[in-house]
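Okay, here's what each chain looks like letter by letter:
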Amino acid sequence: MTIRMRRPSRRPHLCRRHERGQVVVLFALAAIVVLGMAAVAVDGGFGLVQLRRAQNAADFAAVAGTNAIKGVCQGGGSAPSNAAVFSTMQSVIDQNSSAVAAGWTGTYLDKAGATIPNPANYGLPWTVSNSGTTYPPSTACGVAVRVSPSWSPFLARIMGVSSLSTTASARSILNPGTGQSVAIVALDQVEPHAVLGGGTGTFSVYGTIFANSTVPWSPWNQTHNGVSYDDVVDAKDTSNLILHGIMETVGPNWPLDWCFGTNGGAPPPYNSTPPGYPPTPDPYNTATCSASSSVVLKYDLIVNNQTQLTDPLLPGAGGSGVDDPFATPTQGLCPQDGNAAPARTVPASVQPPNVGTSGTTVLLPGDYANPVVITSGNVQFADCSGAYDLNPSGQYPGVFRFEKGLAILTQAGTTVQGNNVMIATGSPVPVPGNVPGSWSGNAFTATGTGNGAPCYPSGVTNSNGQAETDSRSVTCGGTTSSAPAPFGTMFANGPYKGVVAYSQASSSADTSQYGTGTNYAAILGGAGTITLTGPTSGEYRDIVLFQERSIPGNTGLDAQPGDTATVTLNGLVYNASFPCYGWPVVGGACTTSIGGRSNPYDFWDVGVPFHPGGVLQAGVGTGSGYPRTSHGTVTVNGPSVVDDFNTDGGTAIVIDGTKNTYNLPGVIGSGNPPLVG
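Residues numbered from 1 in each chain as written. Predicted model: local features only at pLDDT ≥ 70, side-chain atom pairs only at ≥ 80, totals over all residues. Heavy atoms only, no water.

Which residues make up the overall build of the protein, and what values go with them?
Check the secondary structure of the protein and you find 4 helices and 48 strands. For the protein, long-range pairs separated by at least 24 residues make up 74% of all intrachain contacts whose partners lie at least 6 apart in sequence. (Helix = DSSP H or I, 4+ residues; strand = E, 2+ residues; numbered from the N terminus. Contact = heavy atoms within 4.5 Å.)

Break down the pairing of strand E26 (residues 406-410) for me, with residues and values.
On any regular strand, side chains alternate: one points to one face of the sheet, the next to the other face. For E26, a buried count of 5 out of 5 residues is recorded, marking the element as mostly surrounded by other parts of the structure. Going residue by residue along E26, you find Leu-406, Ile-408 and Thr-410 tucked away on one face and Ala-407 and Leu-409 tucked away on the opposite face as well. Here 3 bridges tie strand E23 (residues 372-374) to E26, and the two strands are oriented parallel to one another. If you follow Val-373 over to E26, its bridge partner there is Ala-407. Both E26 and strand E35 (residues 520-526) contribute to a ladder of 5 bridges, which runs parallel. Bridge pairing links Thr-410 to Gly-526 in E35. (Buried < 20%, exposed > 50% of the residue type's maximum accessible area, 1.4 Å probe, protein only. Pairing = 2+ DSSP bridges.)

A description of the side chain of Asn-575 should follow, citing residues and the corresponding values.
Tracing the backbone through its elements, the reader meets Asn-575 in strand E40 (residues 572-575). Of the polar contacts made by the side chain of Asn-575, one reaches the backbone oxygen of Gly-553; its length is 2.8 Å. One polar contact links Asn-575 to Thr-555, side chain to side chain, over a distance of 3.0 Å. Not counting residues within four places of it along the chain, the set of residues in contact with Asn-575 comprises Gln-547, Gly-553, Asn-554, Thr-555, Gly-614, Val-615, Val-641, Val-642 and Asp-643. (Polar contact = N/O pair within 3.5 Å; in protein donor to acceptor, adjacent residues only side chain to side chain.)

A description of the sheet that holds strand E20 (residues 343-344) should follow, citing residues and the corresponding values.
Spatial ordering of the open sheet is given by E19-E15-E11-E8-E46-E40-E37-E28-E25-E22-E20, a layout of 11 strands whose pairing is parallel. Pairing within the sheet leaves two strands with one partner each, and these edge strands are strand E19 (301-303) and E20. Here strand E37 (residues 543-547) pairs with E40 via 3 bridges, running parallel. Within E40, the residue paired with Ile-543 across the bridge is Leu-572.

So what's going on with the packing of aromatic side chains? Which residues, and what values?
All chains considered together, the criterion is met by 11 aromatic pairs. Taken together, a centroid distance of 6.3 Å and an interplanar angle of 90 degrees make the contact between Phe-381 and Phe-402 edge-to-face. Of the two residues, Phe-381 sits in strand E24 (residues 378-381) while Phe-402 sits in strand E25 (residues 398-402), which places them 21 residues apart along the sequence. Classification of Phe-402 by relative accessible area gives buried; the value is 0%. The rings of Tyr-368, Phe-381, Phe-400 and Phe-402 are connected pair by pair, giving a single aromatic cluster. (Phe/Tyr/Trp six-rings, centres within 6.5 Å; stacked < 30°, edge-to-face > 60°.)

Outline the state of the cysteines, supporting the account with residue identities and numerical values.
Inspection of the entire model under this criterion finds 1 disulfide. The disulfide bridge from Cys-580 ends at Cys-590, spanning 1.9 Å between sulfur atoms. Between Cys-580 and Cys-590, the S-S dihedral sits near -80 degrees, and the bridge is therefore left-handed. Residue Cys-580 is found in the loop between E40 and strand E41 (585-586), and its partner Cys-590 is found in strand E42 (residues 589-590); the two are separated by 10 residues along the sequence. Its relative accessible area of 55% is what places Cys-590 among the exposed residues. (Disulfide = S-S within 2.5 Å.)

Let's hear about helix H3 (residues 82-96): which residues, and what values?
The first and last C-alpha atoms of H3 sit 21 Å apart over 15 residues, in line with the 21 Å expected at 1.5 Å per residue. Burial in H3 covers these residues: Asn-82, Ala-83, Val-85, Met-89, Gln-90, Val-92 and Ile-93. (Expected span 1.5 Å × (residues − 1).)

Can you tell me about the pattern of salt bridges, naming the residues and giving the values?
Across all of its chains, the model carries 3 salt bridges by this definition. One salt bridge connects Arg-549 with Asp-311, and the closest N-O pair in it is separated by 4.0 Å. Here Arg-549, found in the loop between E37 and strand E38 (554-557), pairs with Asp-311, found in the loop between E19 and E20; they are 238 residues apart in sequence, far enough to count as distant. An identical accessibility class is assigned to Arg-549 and Asp-311; each is buried. (Salt bridge = Lys/Arg side-chain N within 4 Å of Asp/Glu carboxyl O.)

How would you summarise the pairing of strand E7 (residues 168-173) if you had to cite specific residues and measurements?
Side chains Ala-168, Ala-170 and Ser-172 of E7 all project onto a buried face; the interleaved residues Ser-169, Arg-171 and Ile-173 project onto a face where none is buried. The pairing of strand E4 (residues 142-147) with E7 spans 6 bridges and is classified as antiparallel. Counterpart to Val-145 in the pairing with E7 is Ala-170.

Explain the nonpolar core to me, and be specific about the residues and the numbers.
In this structure, Ile-184, Phe-203, Phe-260, Phe-381, Leu-524, Leu-557 and Leu-569 are the most contacted members of the largest nonpolar core, which totals 61 residues. If one sorts the elements of this core by residue count, strand E13 (residues 227-235) sits on top with 5 residues. In this structure, Ile-69, Ala-79, Trp-104 and Val-145 belong to the second largest nonpolar core, which totals 27 residues. (Core = buried A, V, L, I, M, F, W, Y, C linked by side-chain atoms within 4.5 Å.)

I'd like a description of the sheet that holds strand E45 (residues 633-637), backed by residues and values.
Read from one edge of the open sheet, 11 strands run E17-E18-E14-E10-E48-E45-E39-E36-E27-E24-E21, paired in mixed fashion. One side of each edge strand has no neighbouring strand; the edge strands of this open sheet are strand E17 (285-289) and strand E21 (360-363). Taking each pair of neighbouring strands and ignoring which way they run, the sheet shows an average axis angle of 10 degrees. Looking at chain direction, strand E36 (residues 529-533) and strand E39 (residues 566-570) are connected through 5 bridges and run parallel. Each bridged residue has a counterpart across the sheet, and for Leu-532 the counterpart in E39 is Leu-569. (Axes fitted to C-alpha atoms, helices over the stretch in contact; angles between N-to-C directions.)

Rendered as structure tokens:
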């Protein structure tokens, strides 16, 4: 037997060598995977830390930026520069994420949270910039922030990754909010006729009327057909009061004059909601006064027993309070002015004797220490835009402080206008019939202050047809014998006589009370066109007229004899300057004691309460016996928050709270649902 031996093959050795090479490759691949997993664990974990830090930086920066522009959105301070906002946000970002550095952007938002376009930059979003010569947009109420931190990885660098990054974003907004349609808030807490429609014109109201008076001293409270009447709201002569909305009162009684209960039974129901409120047709109810139905009051709904108000615009009053621009320098003056209002003077071209000046005179925002009387030419109240503003695209509102009052007595064919402005007035303006005084050359010099009761030229008769005579040794408004044009025409037939008041308690003449002037701190009238629109931003957003709280003064719209102007105010009219909400001032302090003074206030012949302040008077003349009654039109597109609201003359008056809503705490229809049932 032959045994053959077979030489072993070398191929198995070759396979083991190949296997050893594969193990090295597999080990390298596994090491990469392990290293990648470690990188994910280490660098990914650190990335999550960086993302958290970035989100914190974005969140806190958005809040810090929004707080920095609080003075722009809500007032209470001057507008900061863009550089100040940028620095504030950068500091917060640095404290929360050192990896961000300059890797962030901020854009301004309006109160609705929308990005604000910058007209100076082709409409691109308005960004927070490190510029000390520009300011945030005037409509800014918030900030959107996007941060993009970057950092060097720990293990990922071995794999060729030199930098990692992430992004985070946040938004913060201050939203002041708005209310619903309130037309008139009469803050007087104690008197009848807090809202009075008088004269031969028309008186239309759109939105809620809030009558704050319980009328404890009314001489006209009566009960008819089982209904008690307070007379806190009244319509006289042939001026029908047409109310498209709710009438709210704080007393338990029917708020109207008792005559509305003497014309064929009880008045229409109240404290019940019309079907399908707001009703169709509108207004829903009609009440007539007297058998002849010469006076008609229409309304949708009456709600009584409401809570009595204090001034809802006082600071701290439910968040809607605003500072008095005379008491505290606040944002609203142009931002580059800081907290110091620039002193302004009126060019001579808009005052006598330079009458008839052509063109337009531009008045700049600031403080006017002297009385301002505009009688000629076209006048423009400027905001902070244009050449005067270092940030012209921002359109900051212009605030005008007239310390000694403002009278706009326009001539026919002239125009006075202002957009994005607030007119704030202080002391009553010294013109004939408004305060006691006399002429000296071309100037009328006041010799005292008025009490709110009117002064009229000779020829005025009282309600009994008797000529008014001033029992004082000095006529209450001076004479017009030396008055320059156009005053000689506007205030003709001097000397001025004080109108006799009638006692609130007995309805008889009170010889101790005579007019010493209507005490208007703001007079808007004449024969031209006056159009003013309130600010679109800032603390005084939507407030077009503001009377200084510490100085009692009234507001007159077409309220001079013979006025025929077209007056349009777009915004809220505010005059709560009458102290103590109508209660007596005894020993320099407010008192709610009826025993403090048995008869604290009197009335004009026409039943209008006179006060040194707090009255908004639209129109004049019908009940005074003076033949030069007012006409023209007065339109307020917004609420009127005053102590008393009176109308007279032949002026057509519209108060439309639906055109400009404002949040007034405590008033139904202003941020509150309507009361039903």
